[in-house]
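# Summary of structural features
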Amino acid sequence: MRFGLAVSVAFALVVTGTATAVDLSKAQFLSSYTWHNKAKWFGGFSAIEMSDDGRRMMILSDRARIATAEVTRQSGAIASVRITSMNRIHSSKGKALSGRGGDSEGLAIAPDGSIFISFEGVHRVAGYQTPRSKAQVLPIPGAFKGMAENGSFEPLAIDRNGHLYTMPESGLTADGRIPVYRWNGRHWSQPFSLPTHGNFLPVGADIGPDGRFYLLERSAGVLGFRSQLRRWDFRNGQISNQEVMFRTGPGTHDNLEGVSVWRDQSGTLRATMVSDDNFLFIQRTELVEYALPN
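The following refers to the structure shown.

Cut-offs applied
- Residues numbered from 1 in each chain as written.
- Predicted model: local features only at pLDDT ≥ 70, side-chain atom pairs only at ≥ 80, totals over all residues.
- Heavy atoms only, no water.
- Helix = DSSP H or I, 4+ residues; strand = E, 2+ residues; numbered from the N terminus.
- Pairing = 2+ DSSP bridges.
- Axes fitted to C-alpha atoms, helices over the stretch in contact; angles between N-to-C directions.
- 1 Å grid on protein atoms, 1.4 Å probe; cavity = no way out; pocket = protein on both sides within 12 Å on 5 of 7 lines; lining within 4 Å.
- Points joined across faces, edges and corners; volume = space filled by probe spheres on them.
- Nonpolar A, V, L, I, M, F, W, Y, C, P; charged D, E, K, R; others polar.

### Observations concerning the environment of His36
Structurally, the position occupied by His36 is in the loop between β2 (28-34) and β3 (45-50). In this structure the C-alpha to C-alpha distance between His36 and Gln190, which are 154 residues apart in sequence, comes to 39 Å.

### Side note on the sheet that holds strand β12 (residues 164-168)
The strand order across the open sheet built from 4 strands is β11-β12-β13-β14, with neighbouring strands paired in antiparallel fashion. Two strands in the sheet have a free side with no partner beyond their single neighbour: β11 (153-158) and β14 (188-194). Each neighbouring strand pair of the sheet contributes to a mean axis angle of 30°, computed without reference to strand direction. Bridging between β11 and β12 involves 4 bridges; their strand directions are antiparallel. Note that in β12 the partner of Phe153 across the bridge is Pro168.

### As for the layout of surface pockets
Its boundaries defined by the atoms lining it, the largest pocket holds a volume of some 630 Å³. Residue lining of the largest pocket: 30 residues in total, with Glu49, Met50, Asp52, Ile109 and Val261 positioned closest to the centre. In terms of residue count, strand β19 (residues 256-263) provides more of the lining of the largest pocket than any other element does, 4 residues in total. Considered class by class, the residues forming the lining of the largest pocket number 16 nonpolar, 6 polar and 8 charged.

As structure tokens, this is what we get:
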């Protein structure tokens, strides 16, 4: 998010506090946890991946840091978070990324445990065997060139076949839809596009254990951030049957950017989301969870 807009929205959050709650929902709000840590690198979180039991997570900062953490729960809600590791993200030459080339935004974990990260600034997706590995940058097609510097690949998701899906935060097709790009292990294609929905922009994506395609979207204004989660049935690489899981009013949550969909021990689908505090003291790092219908 551009700094000027982030400042104005954050100021509105201080003035108004928590505003209207969910105004459209098939989901059930479960809990919100404000996460504090004094480490200088802490903040700017743009992506999250939860373990199957909801007790571990991998989290990505937009300043080229990736961390793991243990999550303690009480009655199913997050009660505390303990960071267990933090690593700088490296280039293909083994150099720690920073600046424009280190604007890491999307995170996906493959079935074999390898990691993929999408970037804004320099528009690309890279693979990592471990958080400490050198990057293996995927081919960059012509479609990725010329995208807005602060508006490309925030969402990143992976399916059961290891195929990656990403899309620009801004930049629509000729017919006004959101283009989705797929990496099948050999080349990029654009298998489908998504309809836009109001002034929401895509910031996070996941393919849940139910096989559906989930998209977290954000809208920013002077009254605060709004968030929306949509999902589609996802079969044979194509989508159908759009549903809006929830849509919040301004200021309900902070700047939610990352989403992970998982199933808890009771069989309930959960969406865990994390906010990007833009490294501003008047914002917060928030972990938010909703229960989703099956």
